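# Summary of structural features
The residues making up each chain are set out below.
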Amino acid sequence: MEAAVTSHKPVEPAVPARAALPEQRAEAAGHGAEAARGVEGSRGAKATPGAAASGARRGLWISSTYFAEGLPYAIAHKVAGEFFTAAGASLEIIGLVSLYGLPWNLKFLWSPLVDLHGSSRRWLVGAEIALAVILLGLAAAADSGALGLVAALFGLVAVAAATHDIAVDGFYLQALDKDAQAAFSGLRVGAYRLALLAGALLVAFAGWASFGASFAVAALGLALLAGAHAVGLPRPEATPARTGAAAAPPGASAAPGASAAPGAVVASGAAARGASGLLRYVEPFRAFLRQPRIASSLAFILCYRAGDALMFAMSSPLLKSLGLDTAARGNVAGIGTVASIAGSTLGGVIIKRWGLARTIFPIALVQSLAILLYVALAWSRPTLPWIVALVTLEQLVAGIGTAVLVVFLMRRCVDGYKSSHFAIGSALMSVSATFAGSVSGYLAASVGFTAFFAIAFAASIPGVLLSRWVPRD
């Protein structure tokens, strides 16, 4: 399984801009109904030195904010699992690390706070400062043996990081027009992937030094990013909140010669706004559920990565049982991350050339069969070169599989609700991954690694079968 590109947050494949992801992500990104037309957005416009400088400044803050988004995600998932593995925690505890994905599953519950209180820019910088402080706490506690405190601090990292995601995505949408959003999509994804690789390097550094030192480095990096963003981020004009008296509900009229009581007007206006707001909130869900063959689509989204989620949660304990120390596991994870990024890109190219309809089943099948590589690892206990080769191959295939799921989720986004629909789909996927991973430790402790990974392979089969029945357009 991909050690860094986890199934909680889908990574965008290299697909043409006409099939780009919706920009307002619940877990990942990209509006892009049309091709990017240059950094400044105008087709055929002549570049000027001022425009180039503006584009460079934009590229700098986009890459730095999305690197800052990806790093704490990697810490809450990959680094947390490696920490508890190195600390000798039980398989059950290591599996429960998957529950750190819950804030990303549930962040829609507090995402309106970012819009209603303060600005995305302030929330972005504030969340980065909070993350730096929490990571300093982790640096102090990591080598003390207080695993309960460390677990709680990882939970705070997850909540702050999910909030930071909301702010970064909101700021991206606010600070850039639609054409620029499409133009910088690749840079944004690349910076995020680089942060996932940095997470693997933090694990390797922890093996050479200590986890405390590794968290201190991460805290310093986020503190520097927070300072740079506080000074250098642009200050886009905020969209003003709607104010003023609400119009009377349709059909309502005052009696001749009489005026409504102020309290009644306020109450009726508030009721109308509440009803209208509820309808606006519910309609995207209704539109999503009205799509053809939605039942098979929902089942596919829930099942597609179930086997991979089980496998990913126990990959580090398996490698430890094969004799790899923390530094070695970090190095293998780094190689695997590069392979998964290459796989995601390759998957996008494959889908672009042959189409989703022709590729969804074979890619789902190959992704499922790749889990058997971990069965082979657990059963044969090979030497290090074979371990690296098999893990790298599995993660390359998993990256290709990620591309299929992301494109499938994009195709389920109805015009007018693209952001909401991608959020719904990615949340469904990540919820199933969170809970599949959380039971993995109990299962592995009961049956052993070889049987466990065979069960993970079996858990992937429903997703393969469903790929034959889902909409493919």
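Residues numbered from 1 in each chain as written. Predicted model: local features only at pLDDT ≥ 70, side-chain atom pairs only at ≥ 80, totals over all residues. Heavy atoms only, no water.

Right, let's get into the overall build of the protein. Counting secondary structure elements, the protein contains 19 helices and zero strands. Pairs at least 24 apart in sequence give 83% of the contacts found in the protein among residues at least 6 apart. Looking at the protein as shown, the accessible area adds up to about 19,900 Å², and 68% of this sits on carbon and sulfur atoms. (Helix = DSSP H or I, 4+ residues; strand = E, 2+ residues; numbered from the N terminus. Contact = heavy atoms within 4.5 Å. Areas by Shrake-Rupley, 256 points an atom, 1.4 Å probe, with all protein chains shown as cover.)

Once that is clear, we can look at the environment of L187. By the element assignment, L187 lies in helix 8 (residues 185–208). With 128 residues separating them in the primary sequence, L187 and G59 have C-alpha atoms 7.3 Å apart. Look past the residues within four positions of L187 in its chain and what remains in contact with it is G59, I62 and S63.

Turning to the confidence of the model for the protein, a few remarks are in order. Chain-level statistics for the protein give a pLDDT mean of 80 and a share of 78% at 70 or above. Within the protein, helix 16 (residues 372–380) carries the highest mean pLDDT (97), whereas helix 10 (residues 262–289) carries the lowest (66). Below pLDDT 50 for its whole length, residues 14–48 participates in 95 contacts with residues either more than four positions away or in separate chains. Segment residues 240–260: pLDDT under 50, and four contacts once partners within four positions in sequence are set aside and those in other chains are kept. (pLDDT = per-residue confidence, 0-100.)

With that settled, the discussion passes to the packing of aromatic side chains. In this structure the tally under the stated criterion is 17 aromatic pairs. Summarising the aromatic geometry, the rings of Y73 and W104 are spaced 4.9 Å apart at their centres and angled 85° between planes, so their arrangement reads as edge-to-face. With Y73 in helix 1 (residues 49–86) and W104 in helix 3 (residues 102–106), this residue pair connects regions lying 31 residues apart in the sequence. Aromatic side chains F300 and Y304 sit 5.0 Å apart centroid to centroid with 50° between the ring planes, which places their arrangement in the tilted category. (Phe/Tyr/Trp six-rings, centres within 6.5 Å; stacked < 30°, edge-to-face > 60°.)

What follows deals with the nonpolar core. Generally speaking, nonpolar side chains in soluble globular proteins are found buried as a group. By size, the foremost hydrophobic cluster in this structure holds 69 residues, and its most contacted members are I75, F84, L135, F154, F215 and F453. It is helix 1 that contributes the most residues to this core, ten residues altogether. Filtering out sequence-adjacent residues up to four positions away, I75 remains in contact with A80, L135, F154, V157, L202, F215 and A218. Listed in part, the 20 residues of the second largest apolar core include L405, M429, V464 and V470. (Core = buried A, V, L, I, M, F, W, Y, C linked by side-chain atoms within 4.5 Å. Buried < 20%, exposed > 50% of the residue type's maximum accessible area, 1.4 Å probe, protein only.)

Turning to helix 16, a few remarks are in order. Within the sequence span of helix 16, burial applies to L373, Y374, V375, L377 and A378. On its buried face, helix 16 sits against helix 12 (306–313), helix 13 (315–321), helix 15 (356–370), helix 17 (384–411) and helix 19 (449–466). The first or second residue beyond helix 16 is R381, which carries a positive phi of 50°.

Once that is clear, we can look at the packing of helix 16 against helix 17. Any two packed helices are characterised by the angle at which their axes cross and by the distance between the axes. Where helix 16 meets helix 17, the closest approach of the two axes is 9 Å, and the angle between their N-to-C directions is 160°. One element, helix 16, and the other, helix 17, form an angle in the roughly antiparallel class. Of the two elements, helix 16 crosses helix 17, and the hand of that crossing is left-handed. Residues L373, Y374 and L377 of helix 16 form the contact with helix 17, whose own contacting residues are I387, L390, V391, L393 and E394. Considered class by class, the residues forming the contact of helix 16 with helix 17 number seven nonpolar, no polar and one charged. (Axes fitted to C-alpha atoms, helices over the stretch in contact; angles between N-to-C directions. Parallel < 35°, antiparallel > 145°, perpendicular 65-115°, else oblique. Left-handed = near helix turned anticlockwise from the far one by under 90°. Nonpolar A, V, L, I, M, F, W, Y, C, P; charged D, E, K, R; others polar.)

A word on the pattern of salt bridges. Enumeration over the complete set of coordinates arrives at six salt bridges. Between R290 and E283 there is a salt bridge, and its shortest N-O distance comes to 2.7 Å. When salt bridges with common partners are traced through the structure, they connect K78, E82 and R329 into a single cluster. (Salt bridge = Lys/Arg side-chain N within 4 Å of Asp/Glu carboxyl O.)

A positive phi is found at R293, a non-glycine position, where the angle reads about 50°. Position of R293 among the secondary structure elements: in the loop between helix 10 and helix 11 (294–303). Located in the positive-phi region is R381, a residue other than glycine, with phi close to 50°. Summarising the element assignment, R381 is placed in the loop between helix 16 and helix 17. Among the residues examined, R381 registers a relative accessible area of 46% and is labelled partly exposed.

Right, let's talk about the packing of helix 12 against helix 19 for a bit. Interhelical geometry of helix 12 versus helix 19 gives an angle of 155° and a closest axis separation of 6 Å. By the criterion of interaxial angle, the relationship of helix 12 to helix 19 is roughly antiparallel. On helix 19, the residues touching A306, G307, L310 and M311 of helix 12 are F452, F453, A456, A459 and S460. When grouped by side-chain class, the residues that make up the contact of helix 12 with helix 19 number seven nonpolar, two polar and no charged.

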